[in-house]
Amino acid sequence: MKSVKTTFFTARNVAILAVLLALVIVLQVFGLAIPMPGGTSMSFVLVPILLGGMLLGPIAGTFLGLVFGIITIFDPLAMLLMNYTPAITVITVVLKGVMAGLVPSLIFRLIAAKNRYVAAYVAAIAAPVCNTGIFFIGCLLMQDALVECVGTAFWAFISLIMINFAIELAVNVVLAPAIYSVDSVIEKRLSAKAKNTAA
């Protein structure tokens, strides 16, 4: 326990986590304010969750994903579904957030030992796959309630989710590895500067 506290809860990590947490909250609230067709909402929030997992590890990715999941409970569609299937709704939205943070960070750690850039891209793909995949499974379990809530055919709603998924995937694949690359360059320069100052 002591080693986790000393290695994870450094001033640098806490500062990065605080910034990413603020981004998760702002981007998710902003995403909820922009309704998409069929009651879905955009998840630009996956980028800071993904970055948290890549920069700080699975603990940070999972925590940021959990915050995302909790905020998603207040999504208008989730609030409607709570009237029909409250347990499945809460489990679906929280689990998709947690797994969108945990799985990519584990994948990144696994691949990063061989190639950090490939790891960043694979993790960037994994985040929306987990988010949308778990949501899709939840939709299958709540099919009747969804049709009643959105007032359209179930498979028409699913096609809107797939469009949303494609946009999330593109945003993640473009932004997350690019931001990670910039952060890596800054980290190297700061480390070099610290070594020069110490010398």
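The model shown is predicted, which means the values in this text are computed figures rather than measured ones.

Quick notes on the rules
- Residues numbered from 1 in each chain as written.
- Predicted model: local features only at pLDDT ≥ 70, side-chain atom pairs only at ≥ 80, totals over all residues.
- Heavy atoms only, no water.
- Helix = DSSP H or I, 4+ residues; strand = E, 2+ residues; numbered from the N terminus.
- Buried < 20%, exposed > 50% of the residue type's maximum accessible area, 1.4 Å probe, protein only.
- Contact = heavy atoms within 4.5 Å.
- Areas by Shrake-Rupley, 256 points an atom, 1.4 Å probe, with all protein chains shown as cover.
- Phe/Tyr/Trp six-rings, centres within 6.5 Å; stacked < 30°, edge-to-face > 60°.
- Lys NZ or Arg CZ within 6 Å of the ring centre and 35° of its normal.
- Core = buried A, V, L, I, M, F, W, Y, C linked by side-chain atoms within 4.5 Å.
- Expected span 1.5 Å × (residues − 1).
- Polar contact = N/O pair within 3.5 Å; in protein donor to acceptor, adjacent residues only side chain to side chain.
- Patch = residues over 30% accessible without salt bridge, like charges linked within 9 Å, V, L, I, M, F, W, Y side chains within 5 Å.
- Salt bridge = Lys/Arg side-chain N within 4 Å of Asp/Glu carboxyl O.
- Lys, Arg positive; Asp, Glu negative; His and termini not counted.

Participant: Could you give an account of the overall build of the chain, naming the residues involved and the relevant values?
Facilitator: Along the chain, the regular secondary structure elements total nine helices and zero strands. Scanning the chain from its N terminus toward the C terminus, one meets helices and strands in the order α-α-α-α-α-α-α-α-α. Considering the chain as a whole, with its 199 residues, one finds that 44% of them fall into the buried category. The contacts in the chain between residues at least 6 apart in sequence include a share of 72% that link residues at least 24 apart. Within the structure as shown, the chain displays about 10,200 Å² of accessible surface, and the carbon and sulfur contribution to it stands at 75%.

Participant: Give a description of the packing of aromatic side chains that names residues and reports values.
Facilitator: Enumeration according to the criterion identifies zero aromatic pairs in this entry. One Lys or Arg, K96, reaches over the ring of F135 and ends 5.8 Å from the middle of that ring.

Participant: Got a sec to walk through the nonpolar core? Specific residues and values, please.
Facilitator: One finds V24, I49, L50, M54 and F108 to be the most contacted residues of the largest nonpolar core, which totals 29 residues. Those elements that provide at least two residues to this core are helix 2 (11-32), helix 3 (46-56), helix 4 (58-72), helix 6 (86-112), helix 7 (116-141) and helix 9 (154-198). The element best represented in this core is helix 3, accounting for seven residues. Ignoring any residue separated from it by four or fewer positions in sequence, one finds I49 in contact with V24, G61, L64, G65, F68, A100 and G101. Judged by nonpolar contacts, the second largest core, of twelve residues, contains L77, L81, C149 and I161.

Participant: Help me get a handle on helix 7, residues and values and all.
Facilitator: Note: α-helices contain 3.6 residues per turn, so residues at a spacing of three or four share the same orientation. For helix 7, spanning 26 residues, the distance from its first C-alpha to its last is 37 Å, which sits close to the expected 38 Å at 1.5 Å a residue. Its side-chain oxygen at 3.0 Å from the backbone nitrogen of Y117, N115 defines the N-terminal cap of helix 7.

Participant: Explain a nonpolar patch on the surface to me, using residue names and the numbers behind them.
Facilitator: A surface patch of nonpolar side chains, about 370 Å² in accessible area, is lined by L66, I70, F74 and M79. Tracing the chain through its elements places I70 in helix 4. Judged by its relative accessible area of 41%, I70 is partly exposed.

Participant: Residue-level account of the side chain of K96, with values.
Facilitator: Mapped onto the secondary structure, K96 falls in helix 6. For the buried residue K96, which engages in no salt bridge, the nearest side chain bearing the opposite charge is E168, 6.5 Å off. In terms of polar contacts, K96 uses its side chain to reach the side chain of N131, at 2.9 Å. For K96, the residues in contact, after removing those within four places along its chain, are F68, T72, N131, I134 and F135.

Participant: How would you explain the environment of N115 if you had to name every residue and give the values?
Facilitator: When you line up the elements, N115 lands in the loop between helix 6 and helix 7. A distance of 3.0 Å separates a polar side-chain atom of N115 from the backbone nitrogen of Y117.

Participant: Let's hear about the environment of V129: which residues, and what values?
Facilitator: The residue V129 is located in helix 7 in this model. On a C-alpha basis, the gap between V129 and E168 in space is 9.3 Å, while along the polypeptide they are 39 residues apart.

Participant: Any chance you could break down the side chain of T92 for me, citing the residues and the numbers?
Facilitator: Mapping T92 onto the fold places it in helix 6. In this structure the side chain of T92 is engaged in a polar contact, spanning 2.7 Å, whose partner is the backbone oxygen of I88. In contact with T92, other than residues within four places in its own chain, are I134, F135, G138 and M142.

Any link to function would need more than the numbers given here.
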